Amino acid sequence: MDYFLRFAAYLMHPLLMPLIGTLLYFGITPRYVEPELIQAKVAAVAIITLFIPLITFFLLKNIGVVASIHLLEVRERKVPLMIQSVLLLLIIKMVFDPYDSPEMYYFFIGILFSAITALFLVFFKFKLSLHQMGIAGLTMFLIALSIHFKVNMLLWIGFFFFSNGWVASSRLHTESHTYPELIVGFFVGLIPQLILVSFWL
């Protein structure tokens, strides 16, 4: 059980959520998108939201700004969240268009608002759960996609609901977060996606 709970922190890492959301979108959208364009956009999302942050993490670790990828200390979160916000702005400006891909455009705007909120709370010494924030936002986005495209995604939605509980249990089991930090993380991830649904649903 210990390994099962700890595995959630890696499988549902917040850095993976934008890429998973992008793959799910292209997997269920009824619109025709050229395969080459899908590959280019998925690659861009992977590079900007996953590979660049990982490389940046190792640089920050070498200069002593962060100690681990889990960012256990509140002070460690400031620089990574600032960098992540800039990278999300890059995706919003360069990768997804509000007219061609409104769902993905507002999905990333929602992620940006969540990241900025998490950064804002850092200045008040509050460490919300980034894992919970990521999985909650992705779950809300998937529900909205299912309604928008009229596609039965109950199996996936059920899996992500389970994953919300799995992640919360994992963070509590490892004593990485408290109940308030998990609850705030959940709503900081979910609410921006819920609000922005009205722009594309």
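Residues numbered from 1 in each chain as written. Predicted model: local features only at pLDDT ≥ 70, side-chain atom pairs only at ≥ 80, totals over all residues. Heavy atoms only, no water.

Colleague: What is the right way to read the overall build of the protein from this model?
Modeller: From N to C terminus, the protein includes 8 helices and 0 strands. Across the protein, helices and strands are ordered from the amino to the carboxyl terminus as α-α-α-α-α-α-α-α. Against the globule reference of 17 Å for 201 residues, the protein gives a C-alpha radius of gyration of 16 Å, in line with a compact fold. Here the C-alpha coordinates of the protein stretch approximately 45 × 35 × 30 Å along the principal axes. (Helix = DSSP H or I, 4+ residues; strand = E, 2+ residues; numbered from the N terminus. Rg over C-alpha atoms; globule rule 2.2 N^0.38 Å.)

Colleague: Can you walk me through the packing of helix 2 (residues 17–28) against helix 3 (residues 35–62) in this structure?
Modeller: When two helices pack together, their arrangement is captured by the angle between the axes and the distance separating the axes. Interhelical geometry of helix 2 versus helix 3 gives an angle of 165° and a closest axis separation of 9 Å. If you check the angle between helix 2 and helix 3, you find them roughly antiparallel. The two elements helix 2 and helix 3 cross, and the hand of that crossing is right-handed. Of the residues in helix 3, those touching helix 2 at Pro18, Leu19, Thr22, Leu23 and Phe26 are Ile38, Lys41, Val42, Val45, Ala46, Thr49 and Leu50. For the contact of helix 2 with helix 3, the per-class residue count stands at 9 nonpolar, 2 polar and 1 charged. (Axes fitted to C-alpha atoms, helices over the stretch in contact; angles between N-to-C directions. Parallel < 35°, antiparallel > 145°, perpendicular 65-115°, else oblique. Left-handed = near helix turned anticlockwise from the far one by under 90°. Contact = heavy atoms within 4.5 Å. Nonpolar A, V, L, I, M, F, W, Y, C, P; charged D, E, K, R; others polar.)

Colleague: Quick question: what am I supposed to make of the environment of His177 here?
Modeller: You can see His177 is positioned in the loop between helix 7 (154–173) and helix 8 (179–196). In sequence terms His177 and Glu36 are 141 residues apart; their C-alpha atoms lie 41 Å from each other. Those residues in contact with His177 that lie beyond four places of it in its chain are Arg77, Lys127, Leu128, Ser129, Arg171, Leu172 and Leu182. There is a polar contact of 3.1 Å between the side chain of His177 and the side chain of Glu181. (Polar contact = N/O pair within 3.5 Å; in protein donor to acceptor, adjacent residues only side chain to side chain.)

Colleague: It is not clear to me how helix 5 (residues 102–122) should be interpreted in this structure. Could you clarify?
Modeller: Residue pairs three or four apart in sequence face the same way in an α-helix, which turns once every 3.6 residues. End to end, helix 5 covers 30 Å across 21 residues, agreeing with the expected 30 Å (1.5 Å per residue, within 8%). Within helix 5, 17 of the 21 residues are buried, leaving the element largely enclosed by the surrounding structure. (Expected span 1.5 Å × (residues − 1). Buried < 20%, exposed > 50% of the residue type's maximum accessible area, 1.4 Å probe, protein only.)

Colleague: Got a minute to help me understand the packing of aromatic side chains in this structure?
Modeller: The way to describe two aromatic rings as a pair is by their centre distance and the angle between their planes. All chains considered together, the criterion is met by 17 aromatic pairs. Centroid distance Tyr25 to Phe26: 5.1 Å. Interplanar angle 65°. Geometry classified as edge-to-face. When sorted by exposure, Tyr25 lands in the same class as Phe26, which is buried. Aromatic side chains Phe162 and Trp166 sit 5.8 Å apart centroid to centroid with 35° between the ring planes, which places their arrangement in the tilted category. Of this pair, Phe162 and Trp166 both sit in helix 7, separated by 4 residues, roughly a single helical turn. Cluster of aromatic residues (ring-pair linked, three or more members): Phe96, Phe107, Phe108, Phe141 and Trp200. (Phe/Tyr/Trp six-rings, centres within 6.5 Å; stacked < 30°, edge-to-face > 60°.)

Colleague: Sorry, what's going on with a nonpolar patch on the surface here?
Modeller: Among the surface-exposed residues, Met1, Phe4, Trp156, Phe159 and Phe162 lie close enough to one another that they form a single nonpolar patch of about 560 Å² accessible area. Take the nonpolar patch: its biggest share by element is 3 residues, from helix 7. Along the chain, the position of Phe159 falls in helix 7. (Patch = residues over 30% accessible without salt bridge, like charges linked within 9 Å, V, L, I, M, F, W, Y side chains within 5 Å. Areas by Shrake-Rupley, 256 points an atom, 1.4 Å probe, with all protein chains shown as cover. Salt bridge = Lys/Arg side-chain N within 4 Å of Asp/Glu carboxyl O.)

Colleague: Would you mind going over the packing of helix 3 against helix 4 (residues 78–94) with me for this structure?
Modeller: It is at 10 Å that the axes of helix 3 and helix 4 come closest, and there the two elements cross at 155°. As summarised for this structure, helix 3 and helix 4 are arranged roughly antiparallel, according to the angle between their axes. Helix 3 and helix 4 meet at a crossing whose hand is right-handed. Between helix 3, through Val45, Ile48, Thr49, Ile52, Pro53, Thr56 and Leu60, and helix 4, the contact on the second element is made entirely by Val79, Pro80, Ile83, Gln84, Leu87, Leu90 and Ile91.

Colleague: Please clarify how helix 3 should be interpreted in this entry.
Modeller: For helix 3, which comprises 28 residues, the first-to-last C-alpha distance of 39 Å matches the rise-based estimate of 40 Å (1.5 Å per residue) to within 8%. At Ile47, helix 3 shows its largest bend, some 35°. If you check which residues of helix 3 are buried, you get Lys41, Val42, Val45, Ala46, Ile48, Thr49, Leu50, Pro53, Thr56, Phe57 and Leu60. Those residues of helix 3 that are buried lie in contact with helix 2, helix 4 and helix 5. The positive-phi residue at the C-terminal boundary of helix 3 is Gly64, with phi of around 85°. (Bend = angle between axes of the 7 residues up to and from the residue.)

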